[in-house]
Protein chains: 2
Amino acid sequence: MVKMSDVAEKANVSKATVSRVLRNPEAVKKDTRDKVLAIIEQMNYQPNILARHFRRSQTNTILVVVPNIMNTVFSHILGGIEHAAGENGYRVLLANTNKQVEREYEYLDHLKQRQVDGMILLSARMDKNVLTEVMKQFPVVLTADYLEGVAIPTVTIDNVSSARTATEHLINMGHSRIAHITGPLHLLVSQDRLKGYRQALLQNGLAFDNILIQEGDFSHESGYNQMTKLMALEKPPTAVFSANDEMATGVIKAAKENGLSVPGDLAVVGFDNIKLSAIYDPGITTIAQPTFEMGKKAMELLLEQINGIEMGKRQHVLENELIIRESCGANFKKNG
Amino acid sequence: MVKMSDVAEKANVSKATVSRVLRNPEAVKKDTRDKVLAIIEQMNYQPNILARHFRRSQTNTILVVVPNIMNTVFSHILGGIEHAAGENGYRVLLANTNKQVEREYEYLDHLKQRQVDGMILLSARMDKNVLTEVMKQFPVVLTADYLEGVAIPTVTIDNVSSARTATEHLINMGHSRIAHITGPLHLLVSQDRLKGYRQALLQNGLAFDNILIQEGDFSHESGYNQMTKLMALEKPPTAVFSANDEMATGVIKAAKENGLSVPGDLAVVGFDNIKLSAIYDPGITTIAQPTFEMGKKAMELLLEQINGIEMGKRQHVLENELIIRESCGANFKKNG
DNA sequence: CTGAAAGCGCTAACAC
DNA sequence: GTGTTAGCGCTTTCAG
């Protein structure tokens, strides 16, 4: 393995100069630089990055903690992070927690051991005090989730207002008996979407019926099951706002199996705008989360922290958008 | 930052002993070990892993090169890799190439600079000779893709035989005019699936009609477009084997829009068994690739290389399975 | 079973 | 603009 001192010797310069050519080329006279560069090329020298990391105690690597990579929303945010990281010379270390808090804690060691320069969390299940402590010492950003009472930089969308938008869309279509299938209610995201749903009803003078609110777990199956329950009601809903797209497909499936047409007999709105919602039959009206953008933004905030740039606001709320397709009835187009 | 020498001093032992306690506890007497462990705890000592990496020139990190993380198949393989890596004390560095060869080349430097202990490729677009050279020097495994004439350890499924199975299933359902929408034909995977389709027809004495073979690009849209073409034929097909599930949804959509019922008027079989295929209406009959398992196996092979274990065979072919749902007509269940 | 000592390859003061 | 030098914190012989 050829090392820096070999290059230095052959080029008749010092190690320091070789190091400068690599990390701060402007500080070296062009002649010298070219000579060194030529030798580097000729000897096929590869700097030992581990030595560099050690010496500088910096790794140009960040850690991304994901509850589940196999989930589309997360993998898209990850895509955005990876993109921004790459553009700034950073690498991404993947930490899949499988939704286990313990694994979140384990990965904190990577920060403490300086194995990474910062961390982006896509889910924060850990204790708030622990997280607050970590934040004081290391660059951390939270996205796709948020935490109350922790001053951690966060990138999210406004789940309350977008849920309100979604629900209002159904109200505007003339529905008054609108059900909501929520996500797991221990997640703030789910609570917020529920809150938005409530607000829309109240603000439009609609009666609020608890029986129309069913808790799902973001899976297709739970959407199917909860919809089945709802259809068994004496006065079943004419519209459903589902807290994510995957559950919306379960809702539609259950409705169809019961002889209901969507959107003819039942209007459905989902959330996330995952690819599935565009492909599904009928196309699912949904709220588009700018997942890739969220990842990108989160990485940018992390870089600011790493580079010690004074941050302005800590809470970043990105725009979301109602995507109108067939399932809500606004764009009714019969096929099949 | 408390370091090893601090711990050593306080515990009245040498740095060497502390190091042993951490990396090779058996080599230290229990009393000494316990004493050192207590001090470590008490001082809240965190080893400087960068120094360790540098010293040992080993990182316990592997690089995973993915053409596109946002693709379900890849993110599931990644899940399997991450799982196996975690179990073996390895970390996963993510390298998204966006399908650009140049980026594959860039990432090779990580190996050359010893930043990672090995590499798993989920796509091999780079030059075979380059790859062969790399393989001689560093642990590398290829999965989800393969290369002819390169002795690289590979984990795949048998695309030819599974495509044959899929097509034969349609033949057994009584179809004789079966179309095939391929993936991009520059990919070996696509070529193999086409080959399997051909074999099934030939072995069953069916006429082979080139017009029934249309090249797609694995997207929903291409499935839709190619199916639209096929339906315009004088003698349109009664069944379609699509090279992936996403295109299959396009096929079904086009068929429905044309007033055909699936599977009543058109039988469809997909490939991959992504979640979508189970959720779609109708459920899509498909070939299940064991994506998570592939990732796991790939990681295991990589570990063997890293640990210098003599490898047996280099080509690992995992089992795949035909998942029968509604779209092929075998399980016809009308809904909606 | 434990300690002493050398040194991994690079960077960054500091001199010149 | 360039060279000299002193480590970064750990692991690993080699002795004892």
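Think of each chain on its own: its residues are numbered from 1, step by step along the sequence as written. Each chain gets a letter, beginning with A, and each ligand a number, beginning with 1, in the order they are written. Residues qualify for local features only when their pLDDT is at least 70, as the model is predicted, and side-chain atom pairs are given and counted only at 80 or more; totals for whole chains, interfaces and linings, by contrast, use all residues. The side-chain numbers reported here are obtained from all heavy atoms of the structure, hydrogens and water having been left aside.

(A) Up close: unusual backbone geometry. A cis amide bond links Asp281 of chain A to the next residue, Pro282 of chain A, at an omega of 0 degrees. Note on conventions: DSSP H or I runs of at least 4 residues are helices, E runs of at least 2 residues are strands, and numbering of each starts at the N terminus. The topology assignment puts Pro282 of chain A in the loop between helix H12 (275-279) and strand E10 (286-288). A cis amide bond links Val262 of chain B with the next residue in sequence, Pro263 of chain B, at an omega value of 10 degrees. As for its position among the elements, Pro263 of chain B is in the loop between helix H11 (245-257) and strand E9 (267-269). Backbone geometry at Asn60 of chain B places phi at a positive 55 degrees, although glycine is not the residue there.

(B) Focus on empty space enclosed by the protein. A 1.4 Å probe that fits into a set of points on a 1 Å grid over the protein atoms alone but cannot get out defines a cavity; an open set with protein on both sides within 12 Å along at least five of seven lines defines a pocket, and lining residues are those with an atom within 4 Å of a point. Grid points are joined across faces, edges and corners, and a volume is the space filled by probe spheres set on the points. Per the stated rule, a full pass over the model turns up one cavity of 30 Å³ or more. By volume, the largest cavity is sized at about 110 Å³. The wall of the largest cavity is formed by 14 residues, among which His53, Arg91 and Gln115 of chain A together with His53 and Arg91 of chain B lie closest to the centre. Mapped by element, the contributors of at least two residues to the lining of the largest cavity are helix H4 (49-56) and strand E2 (91-96) of chain A together with helix H4 (49-56) and strand E2 (91-96) of chain B. Three residue categories are used. Nonpolar comprises Ala, Val, Leu, Ile, Met, Phe, Trp, Tyr, Cys and Pro, charged comprises Asp, Glu, Lys and Arg, and polar comprises the others, including Gly. Taken together, the residues of the lining of the largest cavity break down into four nonpolar, eight polar and two charged.

(C) Region of interest: the protein's contact with DNA strand D. By convention in these notes, a residue is near a molecule or strand provided one of its non-hydrogen atoms lies within 4 Å of it. Arg20 and Thr32 of chain A together with Lys15, Tyr45 and Arg55 of chain B are the nearest of the 28 residues found near DNA strand D. When the atoms of DNA strand D within 4 Å of the protein are sorted by group, sugar and phosphate make up 53%. Residue Thr17 of chain A places a side-chain N or O atom 2.7 Å away from a phosphate oxygen belonging to DNA strand D. Any pair of N or O atoms that falls within 3.5 Å is considered a polar contact. Within protein, one atom must be able to donate a hydrogen and the other to accept it, and sequence-neighbouring residues count only if both atoms are side-chain atoms. Separating a phosphate oxygen of DNA strand D from a side-chain N or O atom of Ser19 of chain B is a distance of 2.8 Å. Those elements that place two or more of their residues in the surface near DNA strand D are helix H2 (15-23) and H4 of chain A together with helix H2 (15-23) and H4 of chain B. Split by residue class, the surface near DNA strand D holds 11 nonpolar, six polar and 11 charged.

(D) Region of interest: the protein's contact with DNA strand C. Around DNA strand C sit 28 residues in total, of which Met4, Tyr45 and Arg55 of chain A together with Arg20 and Thr32 of chain B are the nearest. The share of sugar and phosphate among atoms of DNA strand C within 4 Å of the protein is 58%. The side chain of Thr17 of chain B places a nitrogen or oxygen atom 2.7 Å from a phosphate oxygen of DNA strand C. The contact in question runs from a phosphate oxygen of DNA strand C to an N or O atom on the side chain of Thr32 of chain B, over 2.3 Å. The set of elements that each furnish at least two residues to the surface near DNA strand C consists of H2 and H4 of chain A together with H2 and H4 of chain B. Across the surface near DNA strand C, the residue classes tally to 11 nonpolar, six polar and 11 charged.

(E) Geometry of the packing of helix H5 (residues 72-87) of chain A against helix H13 (residues 291-306) of chain A. Residues and elements named next belong to chain A. To obtain an axis, a line is fitted to C-alpha atoms, over the contacting stretch when the element is a helix, and the angle between two such axes runs from 0 to 180 degrees between their N-to-C directions. Contact geometry of H5 with H13 gives a least axis separation of 7 Å together with a crossing angle of 45 degrees. Taken together, the axes of H5 and H13 are oblique relative to one another. H5 and H13 meet at a crossing whose hand is right-handed. Counting all contacts with H5, which are made through Val73, His76, Ile77, Gly79, Gly80, Ile81, His83, Ala84 and Ala85, the residues of H13 involved are Thr291, Phe292, Met294, Gly295, Lys296 and Met299. Should an angle fall under 35 degrees it is taken as roughly parallel, and over 145 as roughly antiparallel, whereas 65 to 115 is taken as roughly perpendicular and any remaining angle as oblique. Take the far helix as your reference; a near helix turned counterclockwise from it by less than a right angle gives a left-handed crossing, and one turned clockwise gives a right-handed crossing. Any pair of residues with heavy atoms lying within 4.5 Å of one another is described as a contacting pair.

(F) Just the relation of the copies chain B and chain A, in detail. Only residues with pLDDT of at least 70 in both copies contribute their C-alpha atoms to the least-squares superposition of the copies. Mapping chain B onto chain A calls for a rotation angle of 180 degrees and an axial translation of 0.0 Å; the resulting RMSD is 0.1 Å. Expressed as an axis order, the relation between the two copies is that of a two-fold axis. For chain B, the smallest separation between a C-alpha atom and the rotation axis is recorded for Leu93 of chain B, amounting to 2.2 Å. Comparing contact sets, 100% of the residues at the interface of chain B also lie at the interface in chain A, consistent with an isologous, same-surface contact.

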